[in-house]
Amino acid sequence: MILGGKNFDLNNGNSYVMGILNVTPDSFSDGGKYNNLDSALKHTEEMIKDGADIIDVGGESTRPGAEKVSAEEEIERVCPVISAIKSRFDIPVSLDTFKASTAEAGISAGADIINDIWGLKYIGESDDGNTIIQNDGLTPMAKLAAKKDCPVIIMHNRAVCEYKDYMNDLINDLRESIAIAKNAGIKEDNIILDPGIGFAKTLEDNLVCMAELDKIVKLNYPVLLGISNKSIIGKSLDLPMDQRMEATVALNVIGRQAGCSIFRVHDVKANRRALDMTDNVLNSIK
C-alpha cells in the first residue's frame, strides 16, 4: 500500500508504528500537551526520531463525555499542523476525523490518510445531538475518499453497545463499512480495518476482541490496532492513565502475533522496540 508516497508492505510480516498527535485541549491521554504549533512540531520530531512511520493528527477528542467540536473549529486546529508537518518532515500524515468537510480540508492541507472512527457510516447529528449513522449506500466520507483516491482506516463502532453474537456482529459491521467503501469506488488497496477497541464495547467485549483479532485479519485487509493507554488496561489492571505503557506494549505484541500491521500509540519508542523484536522472532520461522 502506498501511503504518503511511501510503500508500506502491510501483508508480509512488517510492523508499522503510528504516532498519536492530539491537537486538542481534552483528549483522554494527552489533551492540552500539543495544541499549539510549536509543541506539536516538537513532539512530531521526537516521535519520528523514536521510530514512528506515520503521524496521526486529531482535532476532536473521542473520549467518553468529550464535548463535540464543529467542523470549522476542528479544521482550524488540524490544518495548520498538517501543513507544517508535511512541509518539515518526510512522513505520511493521517487525519483522525469522521467529518467529510474536515477530511476534505485536511487532504488539501496535505493529509495522506483518513482515520474514521465511524467506519464511513457517519452522516450527521440529530436535533438532540445524537450521532446518525447509515449502514449501507453512499455516505459523505466514502464519496470524498473515493473522489480524492485517499486511503481510509475503517474503524468498528456502533451508536449503541448492544450485540446478539458479539464477534460475528462486529465482523458483519466491518463488512458493511467495506461494502460502503466499495460502492463509493474506494480502491481495495486503500482500505485498512480497525477493530475499534474501546468503542461501543464493554471490558469483556474488548478482551474477547483482542483474543480473536485473527478473525478480523482473515477479512484480508491490513489491520490497525489502537489500544494505547485505553480503558481495557485501566479497568483490567486498575491503573491510572500515566501507568499503562507496559500493558499497551503487551497488547500490541499480541496484536502483532495475530497479524495486525499498524499500531497507533502514544509512546512510540517502547512500542517500536517491542514490535521490532516481535517481527524478528516471527519472521525467523518463515
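This text follows the structure it describes.
Residues numbered from 1 in each chain as written. Predicted model: local features only at pLDDT ≥ 70, side-chain atom pairs only at ≥ 80, totals over all residues. Heavy atoms only, no water.

### Comments concerning the environment of Gly198
Logical step 1: By the element assignment, Gly198 lies in the loop between strand E10 (191-194) and helix H6 (203-211).
Logical step 2: By relative accessible area, Gly198 is classed as partly exposed at 37%. (Helix = DSSP H or I, 4+ residues; strand = E, 2+ residues; numbered from the N terminus. Buried < 20%, exposed > 50% of the residue type's maximum accessible area, 1.4 Å probe, protein only.)

### So, the side chain of Asp56
Logical step 1: Residue position: Asp56 is located in strand E4 (residues 54-58).
Logical step 2: For Asp56, a relative accessible area of 0% gives the class buried.
Logical step 3: Within the structure, Asp56 has its side chain in polar contact with the side chain of Ser94 (distance 2.6 Å).
Logical step 4: Residues contacting Asp56, with those up to four places away along its chain left out, are Met18, Gly19, Ile20, Leu21, Ser94, Leu95, Asp96, Asn115 and Arg264. (Polar contact = N/O pair within 3.5 Å; in protein donor to acceptor, adjacent residues only side chain to side chain. Contact = heavy atoms within 4.5 Å.)

### With respect to the environment of Gly129
Logical step 1: Note on placement: Gly129 falls in the loop between strand E7 (122-125) and strand E8 (131-133).
Logical step 2: A sequence separation of 61 residues divides Gly129 from Lys68, and the C-alpha atoms of the two residues are 9.1 Å apart.

### A few points about the sheet that holds E10
Logical step 1: Spatially, 8 strands are ordered E10-E9-E6-E5-E4-E3-E12-E11 in an open sheet, and the strand pairing comes out parallel. The open sheet has two free edges, formed respectively by E10 and strand E11 (224-225), since each of these has just one partner strand.
Logical step 2: Both strand E3 (residues 16-22) and E4 contribute to a ladder of 5 bridges, which runs parallel. The partner of Leu21 across the bridge, within E4, is Val57. (Pairing = 2+ DSSP bridges.)

### Description of the packing of aromatic side chains
Logical step 1: For the structure shown, the criterion picks out 3 aromatic pairs.
Logical step 2: Seen in terms of ring centroids, Phe8 and Tyr16 are 4.7 Å apart; in terms of plane orientation they differ by 45°. Their pairing is tilted. For the residue pair Phe8 and Tyr16, the accessibility class agrees, reading buried in each case.
Logical step 3: Centroid distance Tyr163 to Tyr166: 5.0 Å. Interplanar angle 85°. Geometry classified as edge-to-face.
Logical step 4: On the accessibility criterion, Tyr166 (12% relative accessible area) is buried.
Logical step 5: Note that Lys99 overlies the ring of Phe98, its terminal NZ or CZ placed 4.6 Å from the centroid. (Phe/Tyr/Trp six-rings, centres within 6.5 Å; stacked < 30°, edge-to-face > 60°. Lys NZ or Arg CZ within 6 Å of the ring centre and 35° of its normal.)

### Overview of the pattern of salt bridges
Logical step 1: One pass over the structure, following the stated rule, counts 19 salt bridges.
Logical step 2: The partner of Lys49 in a salt bridge is Glu45, with the nearest N and O atoms 3.9 Å apart. Of the two residues, Lys49 and Glu45 are both situated in helix H1 (residues 37-49); the distance of 4 residues between them amounts to about one turn of the helix.
Logical step 3: Among the residues examined, Lys49 registers a relative accessible area of 67% and is labelled exposed.
Logical step 4: A salt bridge links Asp53 to Arg272; its shortest N-O distance comes to 2.7 Å. (Salt bridge = Lys/Arg side-chain N within 4 Å of Asp/Glu carboxyl O.)

### Examining the pairing of E3
Logical step 1: A large share of E3 lies buried, amounting to 7 of its 7 residues.
Logical step 2: Residues Tyr16, Met18, Ile20 and Asn22 line one face of E3 and the alternating positions Val17, Gly19 and Leu21 line the opposite face, and both faces are buried.
Logical step 3: Looking at chain direction, E3 and strand E12 (residues 262-265) are connected through 4 bridges and run parallel. Each residue of the ladder has a partner; that of Met18, found in E12, is Arg264.

### Looking at the packing of H1 against helix H2 (residues 71-88)
Logical step 1: Running from N to C, H1 and H2 cross one another at 45°; their axes reach a closest spacing of 10 Å. Between H1 and H2, the angle falls in the class oblique. The way H1 lies across H2 gives a crossing that is right-handed. Listed contacts from H2 to Leu37, Ala40, Leu41 and Thr44 of H1 are Pro80, Val81, Ala84, Ile85 and Arg88.
Logical step 2: A class-by-class count of the residues in the contact of H1 with H2 yields 7 nonpolar, 1 polar and 1 charged. (Axes fitted to C-alpha atoms, helices over the stretch in contact; angles between N-to-C directions. Parallel < 35°, antiparallel > 145°, perpendicular 65-115°, else oblique. Left-handed = near helix turned anticlockwise from the far one by under 90°. Nonpolar A, V, L, I, M, F, W, Y, C, P; charged D, E, K, R; others polar.)

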